[in-house]
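Chain by chain, the residues run as shown.
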Amino acid sequence: MRTDPEVGEVLCRYVFEEGFNVVTLARSGSRIVYRRSFVRNATDVELELFLVGVAKRAPR
C-alpha cells in the first residue's frame with residue numbers, strides 16, 4: 001500500500017482471518033486467510049509481495 005494505493009483499496013474489500021490449512025496466505029472468495037506464524041515471521045517486503053500478488057489477481 002505504501003507504493004501503490006490501489007492495492008490498499010482492493011485489499012480493504014476482504015475480511016482477513018486466521019486459517020490453519022494454509023502455509024502462507026491465500027484468497028478465498030471474500031476472505032484472505034493467513035497462517036499466523038507466517039505473518040509473524042515474514043519481513044515487511046515478503047508480506048507486501050504476497051499481498052500485492054493477491055490484489056493483482058483479485059476481480060475488479
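Reading the values: rules and limits
Residues numbered from 1 in each chain as written. Predicted model: local features only at pLDDT ≥ 70, side-chain atom pairs only at ≥ 80, totals over all residues. Heavy atoms only, no water. Helix = DSSP H or I, 4+ residues; strand = E, 2+ residues; numbered from the N terminus. Buried < 20%, exposed > 50% of the residue type's maximum accessible area, 1.4 Å probe, protein only. Contact = heavy atoms within 4.5 Å. Polar contact = N/O pair within 3.5 Å; in protein donor to acceptor, adjacent residues only side chain to side chain. Phe/Tyr/Trp six-rings, centres within 6.5 Å; stacked < 30°, edge-to-face > 60°.

Student: I tried to follow the environment of E18 on my own but got confused; where do I start?
Tutor: Counting through the fold element by element, E18 comes out in strand β1 (residues 15-18). Look at E18 and you get partly exposed, because its relative accessible area is 27%. E18 sits 13 residues away from R31 along the chain, and the two C-alpha atoms are 9.9 Å apart. Look past the residues within four positions of E18 in its chain and what remains in contact with it is V33, Y34 and R36. Polar side-chain contacts of E18 include one of 2.8 Å to the side chain of R36.

Student: What exactly am I supposed to notice about the packing of aromatic side chains here?
Tutor: One pair of aromatic rings is described through two measures. These are the centre distance and the angle between the planes. Evaluation of the coordinates by the stated rule reveals one aromatic pair. Consider the rings of F38 and F50, whose centres lie 5.0 Å apart with planes at 70°: the pair is edge-to-face. Highlighted residues: F38 in helix α2 (residues 36-41) and F50 in helix α3 (residues 44-57), separated in sequence by twelve residues. Of the residues examined, F38 reaches a relative accessible area of 16% and is grouped as buried.

Just distances and angles here, no functional claims.
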